[in-house]
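# Observations on the three-dimensional arrangement
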Amino acid sequence: MKELLALLVAVSIVCSSCSSDSDNLRDYKADMRDFVIGISEYAKTEQEGFIIIPQNGIELVTTTGDEDAALATDYLNAIDGHGQEDLFYGYDLDNVATPSSEREYLQVFLDKSHDNGNQILVTDYCSSPTNMTNSYSVNEADGYVSFAANERELNNIPTFPSTIHNENANEVLSLNEVQNFLCLINPENFADKGSFVSAVTATNYDLIIMDLFFHDGTEFTSSETTQLRQKANGGSRLVVSYMSIGEAEDYRFYWQSSWSSNSPAWLKAQNPDWPGNYKVEYWDSDWQQVIYGNNSSYLQKVLNAGFDGVYLDIIDAYEYFEGE
């Protein structure tokens, strides 16, 4: 009996070691690329021309994350643009210029994506008129479309500049036609969906990035997204839904109360900077099924609501696992 027990313990240790070794051998960047590619393939099959925009995690454009490595062409071809926060302002502190070393590092990768035909959308966090004006100017000079957000919470429509930078009355039907955008993913300042829709349709932004859900938990409907698509000057805009894929959020429709005491294996530590957001093993098939691939998935809800695309957040979740 003792010999059998010793054998079982030894096997357990070996299996635990193998599991650990397997995790250590994972290519977390490749896992995230594969996840995004899967989302893209599914969405574009369901809706022709559906737009895929990952935010941050720009190193994924090369196979190793090094600037001199080969391009990750399957990934680059699966997406339509890249979102980048804090490129010129906000990297360390809001309304403070990003250190040139950080900006130059990011731009090496951003330009690789841009050269591949993808639109670059920059969200700078700055609130003074001088910095906001400069943000628009330097981003445009580098070929990027930008939004100067005067609130980190992305919960308002800035009143400066009084006329939107590069405002136009064009019919905007593709991401490469976008000349300006509004990132308004937090609708907390709006009393109801009607006031939110009215505020957005009173603007002339070419693209709005927003949440599928209003702050009361109700989803925006396809008729509401149709309204949101109309600019005040008669042109049309694109309407894209924010969707976090690198973390689970305990206020989303998919969250189960039982997870507080009996969480799934793929659910990991809470993000200390964003309470209610939890790291996930994003390569796990169960988590991926929450996000896409079936009629009850997050992505399917976005498609059903008539959005033109998704803005994928926490793409840089690989950094958490690489740092363990």
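See above for the structure.
What comes next concerns the included structure. Fair warning: this is a prediction, and the values are worked out from it, not measured in the lab.

Let's shift gears to the sheet that holds strand 10 (residues 277-280). Strands sit in the order 8-10-9 across an open sheet of three strands; the sheet is antiparallel. What marks the edges here is a single partner per strand, and that holds for strand 8 (247-249) and strand 9 (267-270). Ignoring strand direction, the axes of neighbouring strands in this sheet form an average angle of 40°. Pairing between strand 8 and strand 10: three bridges, direction antiparallel. Among the inter-strand pairings, Ala248 is bridged to a residue of strand 10, identified as Tyr278.

This brings us to the environment of Glu151. Position of Glu151 relative to the elements: it lies in the loop between strand 4 (145-149) and strand 5 (182-184). By relative accessible area, which is 35% here, Glu151 ends up partly exposed. Along the primary structure Glu151 and Leu182 are separated by 31 residues, whereas in three dimensions their C-alpha atoms are 12 Å apart. Apart from the residues within four sequence positions on either side, Glu151 is in contact with Tyr125 and Asn156.

So, about helix 4 (residues 100-115). Spanning 16 residues, helix 4 covers 21 Å between terminal C-alpha atoms, matching the ideal 22 Å at 1.5 Å per step. Listing the buried residues of helix 4 in full gives Leu106, Gln107, Phe109, Leu110 and Ser113. Next to the buried residues of helix 4 lie helix 3 (73-78), strand 2 (81-85) and strand 3 (119-125). Phi turns positive one or two residues past the end of helix 4, at Gly117, with a value near 100°.

Looking now at a negative patch on the surface. Together, Asp27, Asp34, Glu41 and Asp74 make up a region of like negative charge exposed at the surface. For Asp74, a relative accessible area of 59% translates into the label exposed.

A separate point is the pairing of strand 11 (residues 309-313). Among the five residues in strand 11, five count as buried, and that is most of the element. Here strand 11 shows no split at all, with Gly309, Tyr311 and Asp313 on one side and Val310 and Leu312 on the other all buried. Bridge count between strand 1 (residues 51-54) and strand 11: four bridges; the pairing is parallel. Bridged to Ile52 within strand 11 is Val310. Across five bridges, the pairing between strand 7 (residues 238-244) and strand 11 is parallel. Pairing of Val240 across the sheet is with Gly309, part of strand 11.

Applying the stated criterion across every chain, the model contains 23 aromatic pairs. On the basis of an interplanar angle of 25° and a centroid distance of 5.7 Å, the ring pair of Tyr28 and Phe321 is categorised as stacked. Remark: Phe321 occurs in helix 10 (residues 318-322) and Tyr28 occurs in helix 2 (residues 28-46); sequence separation between them is 293 residues. Phe321 matches Tyr28 in its accessibility class, with the two residues each being buried. Pairwise contacts between aromatic rings join Phe213, Phe253, Tyr254, Trp255, Trp259, Trp266, Tyr278, Trp287 and Tyr298 into one cluster. The ring of Tyr125 has Arg152 sitting right over it, with the charged end atom 3.7 Å from the ring centre. Sitting over the face of the ring of Phe253, Lys301 holds its NZ or CZ atom 4.8 Å from the ring centroid.

This next bit is on the sheet that holds strand 11. Here we have five strands laid out as an open sheet, ordered 1-11-7-6-5, and parallel in their pairing. Both outer strands of the open sheet, strand 1 and strand 5, are each paired with one neighbouring strand and no more. Taken over all neighbouring pairs, the strand axes of this sheet differ in orientation by 25° on average, direction set aside. Bridge count between strand 5 and strand 6 (residues 207-211): three bridges; the pairing is parallel. Bridging from a neighbouring strand, Leu184 pairs with Met210 of strand 6.

One pass over the structure, following the stated rule, counts 13 salt bridges. In this structure, Asp206 engages Lys231 in a salt bridge whose closest nitrogen and oxygen atoms are separated by 2.8 Å. Taken as a pair, Asp206 in the loop between helix 6 (193-201) and strand 6 and Lys231 in the loop between helix 7 (222-228) and strand 7 lie far apart in primary sequence, 25 residues in all. Asp206 sits in the buried class, given a relative accessible area of 0%. Classification of Lys231 as buried rests on a relative accessible area of 4%. With a closest N to O distance of 3.4 Å, Lys301 and Glu219 form a salt bridge. One end of the pair, Lys301, is in helix 9 (residues 298-304); the other, Glu219, is in the loop between strand 6 and helix 7, with 82 residues separating them in the sequence. On the basis of relative accessibility, which here comes to 30%, the residue Glu219 falls in the partly exposed class. Each member of the salt-bridge network shares a partner with another, and the members are Asp86, Asp94 and Arg152.

Criteria and cut-off values
- Residues numbered from 1 in each chain as written.
- Predicted model: local features only at pLDDT ≥ 70, side-chain atom pairs only at ≥ 80, totals over all residues.
- Heavy atoms only, no water.
- Pairing = 2+ DSSP bridges.
- Helix = DSSP H or I, 4+ residues; strand = E, 2+ residues; numbered from the N terminus.
- Axes fitted to C-alpha atoms, helices over the stretch in contact; angles between N-to-C directions.
- Buried < 20%, exposed > 50% of the residue type's maximum accessible area, 1.4 Å probe, protein only.
- Contact = heavy atoms within 4.5 Å.
- Expected span 1.5 Å × (residues − 1).
- Patch = residues over 30% accessible without salt bridge, like charges linked within 9 Å, V, L, I, M, F, W, Y side chains within 5 Å.
- Areas by Shrake-Rupley, 256 points an atom, 1.4 Å probe, with all protein chains shown as cover.
- Salt bridge = Lys/Arg side-chain N within 4 Å of Asp/Glu carboxyl O.
- Lys, Arg positive; Asp, Glu negative; His and termini not counted.
- Charge placed at Lys NZ, Arg CZ, Asp CG, Glu CD.
- Phe/Tyr/Trp six-rings, centres within 6.5 Å; stacked < 30°, edge-to-face > 60°.
- Lys NZ or Arg CZ within 6 Å of the ring centre and 35° of its normal.

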